[in-house]
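# Analysis of the macromolecular model
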Amino acid sequence: MMRTTEGNPGIKTETLRVFFAIWPDDGVRKQLAGLAEQLREAALCSGRETKAENIHLTLVFVGEVDASKLGALCRVADEIKDSSACAFDFALEKIRHWKRNRIVYASTVEIPQGLINLVSTLTDALSAAGFSLEQRAYKPHVTLMRDALCQSLPELAEPITWRVREWMLVKSEQTGDGPVYTPMGRWPLKS
Ligand code: ATP
Ligand code: MG
């Protein structure tokens, strides 16, 4: 997106919409995409399914930033990668529906400590680096369907275990064909 710099009508700067997130491996991606498909096929929910390649868990939503801030975001990530951020497993045990925003999502019963640590370390480091973040409570959820209307939701026979070994900075762009997410950087978690 192009916008005009305040007070400098002649200078155009590019802004990017970015967020930190984790992406599932192929196996978990297939299982999660399969869930959304099953809901539709069983006529339990109608709505727009998240495309398999777009299935993710947001860690911290940064929002619109000047393109020149990308380097600073990557430096924040570089600095925390050696701190307390450890690999963890994320067990998706339940499918739920938020009627308010018509989202069907997969989530967990107990948020893993590794996820809590990663999100809080990242949030603190971004705030310290001058990025202003929304002060919403973190509710980890993997969106499976949008604009969803549901009759009922099944219980999962067994949890889907996502082994989280790295996290990313991702650019989000709106297109006529839905959002397109592009990784801008990735950082490993200590094993
Ligand atoms: P669309 O907006 O087209 O429905 P999207 O919500 O996936 O797609 P973005 O709005 O760019 O795309 O959001 C990227 C990620 O950040 C998504 O996981 C979204 O749920 C999350 N997100 C967006 N806005 C916020 C916010 N204000 N606070 C926390 N997370 C957010
Ligand atoms: Mg959105």
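Residues numbered from 1 in each chain as written. Chains lettered and ligands numbered in written order. Predicted model: local features only at pLDDT ≥ 70, side-chain atom pairs only at ≥ 80, totals over all residues. Heavy atoms only, no water.

### What to know about the overall build of the chain
Helix and strand counts for the chain come out as three helices and 11 strands. Reading the chain from its N terminus to its C terminus gives the helix and strand order β-β-α-β-β-α-β-β-β-α-β-β-β-β. In terms of overall size, the chain behaves like a compact globule, its C-alpha atoms giving a radius of gyration of 18 Å where 191 residues would be expected to give roughly 16 Å. When its C-alpha atoms are laid out on the principal axes, the chain stretches across 55 × 40 × 30 Å. Residue pairs at least 24 apart in sequence account for 75% of intrachain contacts in the chain once pairs closer than 6 positions are excluded. Approximately 10,700 Å² of the chain is accessible, and the part contributed by carbon and sulfur atoms is 49%. In the chain, which carries 24 positive and 24 negative side-chain charges, the distance between the mean positions of the two groups comes to 3 Å. (Helix = DSSP H or I, 4+ residues; strand = E, 2+ residues; numbered from the N terminus. Rg over C-alpha atoms; globule rule 2.2 N^0.38 Å. Contact = heavy atoms within 4.5 Å. Areas by Shrake-Rupley, 256 points an atom, 1.4 Å probe, with all protein chains shown as cover. Lys, Arg positive; Asp, Glu negative; His and termini not counted. Charge placed at Lys NZ, Arg CZ, Asp CG, Glu CD.)

### Points about the site of ligand 1
Neighbouring residues of ligand 1: Arg 17, Phe 19, His 56, Thr 58, Phe 61, Glu 134, Arg 136, Arg 146, Ser 172, Gln 174, Pro 179 and Tyr 181. Side-chain polar atom of Glu 134 to a nitrogen atom of ligand 1: 3.0 Å apart, as the coordinates give it. In this structure, a nitrogen atom belonging to ligand 1 sits 3.2 Å away from a side-chain N or O atom of Arg 136. Relative to its free-state accessible area of 590 Å², ligand 1 is covered by the protein chains to the extent of 74%. (Near = heavy atom within 4 Å. Polar contact = N/O pair within 3.5 Å; in protein donor to acceptor, adjacent residues only side chain to side chain.)

### Quick word on the state of the cysteines
Per the stated rule, a full pass over the model turns up one disulfide. The disulfide partner of Cys 45 is Cys 150, and the gap between their sulfur atoms is 2.4 Å. Disulfide Cys 45-Cys 150: torsion about the S-S bond near 105°, hence right-handed. Taken as a pair, Cys 45 in strand β3 (residues 45-49) and Cys 150 in strand β8 (residues 142-150) lie far apart in primary sequence, 105 residues in all. (Disulfide = S-S within 2.5 Å.)

### Here's the deal with the layout of surface pockets
The calculated volume of the largest pocket comes to roughly 1,300 Å³. As for the largest pocket, its lining consists of 36 residues, of which His 56, Thr 58, Phe 61, Arg 136 and His 141 are closest to the centre. Secondary-structure elements contributing two or more residues to the lining of the largest pocket are β2 (8-22), β3, β4 (57-66), α3 (113-128), β8, β10 (166-175) and β11 (178-188). Residue composition of the lining of the largest pocket, by class: 14 nonpolar, 12 polar and 10 charged. (1 Å grid on protein atoms, 1.4 Å probe; cavity = no way out; pocket = protein on both sides within 12 Å on 5 of 7 lines; lining within 4 Å. Points joined across faces, edges and corners; volume = space filled by probe spheres on them. Nonpolar A, V, L, I, M, F, W, Y, C, P; charged D, E, K, R; others polar.)

### Here we look at helix α2 (residues 70-81)
End to end, α2 covers 17 Å across 12 residues, agreeing with the expected 16 Å (1.5 Å per residue, within 8%). The complete set of buried residues in α2 reads Leu 70, Leu 73, Cys 74, Val 76, Ala 77 and Ile 80. All buried residues of α2 fall inside an arc of 155° around its axis, so they share one side. Opposite the packed face of α2, turned more than 90 degrees from it, sit the exposed residues Arg 75 and Glu 79. (Expected span 1.5 Å × (residues − 1). Buried < 20%, exposed > 50% of the residue type's maximum accessible area, 1.4 Å probe, protein only. Arc of directions from axis to C-beta.)

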